[in-house]
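Here are the chains, one letter per residue:
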Amino acid sequence: LNHHNNTSIQLITDGANPNMSSTIQMYASAIINDFRNDLFGKLDLPYTIEVKSRMLYNPQLKGAYTFVPGVIAMILMIICTLMTSVSIVKEKELGNMEMLLVSPMNPIIVIFSKTIPYLVLSLIIVTVILIMSVTILDVPIKGNILLLYIVCLIFIVASLALGMVISTITDSQQVAMMISLMGLMLPTLMFGGFMFPIENMPLLLQVVSNVVPAKWFYYSLNSIMIKGLGIKSVYKEVLVLLSYCVIFVTISYKKFKIRLA
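Novice: Explain the overall build of the protein chain here, please?
Specialist: Helix and strand content of the protein chain: nine helices and two strands. Reading the secondary structure of the protein chain in the N-to-C direction produces β-α-β-α-α-α-α-α-α-α-α. Rg of the C-alpha trace for the protein chain: 24 Å, well past the compact-globule value of 18 Å for 261 residues, more than 25% over. Along the longest, intermediate and shortest principal axes, the C-alpha atoms of the protein chain span 90 × 35 × 30 Å. In the protein chain, which comprises 261 residues, the share counted as buried stands at 43%. Put simply, 78% of the contacts in the protein chain that link residues at least 6 apart link residues at least 24 apart. Looking at the protein chain as shown, the accessible area adds up to about 14200 Å², and 67% of this sits on carbon and sulfur atoms. Of the charged side chains in the protein chain, 17 are positive and 12 negative; the average position of the first set lies 8 Å away from that of the second.

Listed below in structure tokens is the structure:
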């Protein structure tokens, strides 16, 4: 800068999250401009610092790179949690649950019979979304496709178990739907990480976001699809999702009432 009156600084940001990377670019450019002003003041001198930004993983800044993993998380949450919770409560309202409970079936069999169809449907939906994202939106799948499906399966099981928990504590479809929509859909949108950067939120909200399963699923899905990372980079998110599976399955089994009254 002192010898040639000009210099360049390369700034490489994570383009997998365009909102966050753009914010980082603006902050970094402002800091560099302040540094130049501190060196030379506001004099009209030919000393310039040019910032050359490069987006890693998403150089075109396509919104689909963020949109596709977020849509998968939202759809799986709707299909698994909302539909599962409503299906069990519907049996209670129609009186069919009494016939199921007097049968020699174990409660765990009833739970599996209600969740397996939605599990299969969710896997089909994930496959369709991935095919459309690659063929229509040009979103690459850089990571291991088997690992991607394993993570999706873990999140599906956790969401199904959460829907079963809601169904065991409610007695009407309206209440179950309200809890699923207001209590789960809004936190998924707000704290999932694909609508609003969690790093920009206050510290309290960042702590609250850790209890939202969709956040960990979105981070792992984004790392596998867009960044092409392996299990060593997403093992923490996978362990969190597995812990949610164990917790929700245990609660739903313990809270499942074998007597209606």
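Novice: Help me understand the state of the cysteines, please; the structure alone is not making it clear to me.
Specialist: Covalent bonding between the sulfur atoms of two cysteines is what defines a disulfide. Evaluation of the coordinates by the stated rule reveals zero disulfides. In this structure cysteine 80 is not part of a disulfide, and its nearest cysteine sulfur, from cysteine 152, lies 10 Å away. Since its relative accessible area comes to 0%, cysteine 80 is described here as buried. Unpaired in terms of disulfides, cysteine 245 finds its nearest cysteine sulfur in cysteine 80, a separation of 11 Å. Residue classification places cysteine 245 among the buried residues on the basis of a relative accessible area of 9%.

Novice: Any chance you could explain the environment of alanine 214 here in plain terms?
Specialist: By secondary structure assignment, the location of alanine 214 is in helix H8 (residues 213-225). In this structure, the C-alpha to C-alpha distance between alanine 214 and glycine 193, residues 21 residues apart in sequence, is 8.4 Å. Non-local contacts of alanine 214, meaning those with residues more than four positions away in its chain, are made with Met77, Phe155, Thr188 and Gly192.

Novice: What am I meant to see in unusual backbone geometry here?
Specialist: Most peptide bonds adopt trans geometry, and most residues besides glycine take a negative phi value. Positive phi is not limited to glycine here, since tyrosine 57 has a value of about 80°. When you line up the elements, tyrosine 57 lands in the loop between strand E2 (48-56) and helix H2 (64-94). With a relative accessible area of 26%, tyrosine 57 lands in the partly exposed category.

Novice: Can you help me understand the nonpolar core in this one?
Specialist: Side chains that are nonpolar tend, in soluble globular proteins, to be buried together. If you look at the biggest cluster of nonpolar residues, it comprises 53 residues, and the most contacted ones within it are Ile72, Phe217 and Met225. Looking at this core element by element, the count peaks at 13 residues for helix H5 (residues 145-169).

Novice: In this structure, what is going on with the packing of aromatic side chains? I would like to understand it.
Specialist: Taken as a whole and assessed by the stated rule, the structure comprises three aromatic pairs. When the centroid spacing of 4.2 Å and the interplanar angle of 10° are considered together, the rings of phenylalanine 155 and phenylalanine 217 count as stacked. Placement of the pair is phenylalanine 155 in helix H5 and phenylalanine 217 in helix H8, with a sequence separation of 62 residues. Relative accessible area serves as the criterion here: at 0%, phenylalanine 155 is assigned to the buried category. In this structure phenylalanine 217 comes out as buried when scored by relative accessible area, which is 0%.

Novice: Help me understand the layout of surface pockets in this model?
Specialist: Roughly 270 Å³ of volume is contained in the largest pocket. Surrounding the largest pocket, 16 residues form its lining, Asp14, Asn17, Tyr219, Asn222 and Lys227 being those nearest its centre. Of all elements in the fold, only helix H1 (18-40), H8 and helix H9 (231-255) reach the threshold of two or more residues within the lining of the largest pocket. Looking at the lining of the largest pocket element by element, the count peaks at four residues for H8. Its residues assigned to classes, the lining of the largest pocket comprises seven nonpolar, five polar and four charged.

Conventions adopted
- Residues numbered from 1 in each chain as written.
- Predicted model: local features only at pLDDT ≥ 70, side-chain atom pairs only at ≥ 80, totals over all residues.
- Heavy atoms only, no water.
- Helix = DSSP H or I, 4+ residues; strand = E, 2+ residues; numbered from the N terminus.
- Rg over C-alpha atoms; globule rule 2.2 N^0.38 Å.
- Buried < 20%, exposed > 50% of the residue type's maximum accessible area, 1.4 Å probe, protein only.
- Contact = heavy atoms within 4.5 Å.
- Areas by Shrake-Rupley, 256 points an atom, 1.4 Å probe, with all protein chains shown as cover.
- Lys, Arg positive; Asp, Glu negative; His and termini not counted.
- Charge placed at Lys NZ, Arg CZ, Asp CG, Glu CD.
- Disulfide = S-S within 2.5 Å.
- Core = buried A, V, L, I, M, F, W, Y, C linked by side-chain atoms within 4.5 Å.
- Phe/Tyr/Trp six-rings, centres within 6.5 Å; stacked < 30°, edge-to-face > 60°.
- 1 Å grid on protein atoms, 1.4 Å probe; cavity = no way out; pocket = protein on both sides within 12 Å on 5 of 7 lines; lining within 4 Å.
- Points joined across faces, edges and corners; volume = space filled by probe spheres on them.
- Nonpolar A, V, L, I, M, F, W, Y, C, P; charged D, E, K, R; others polar.

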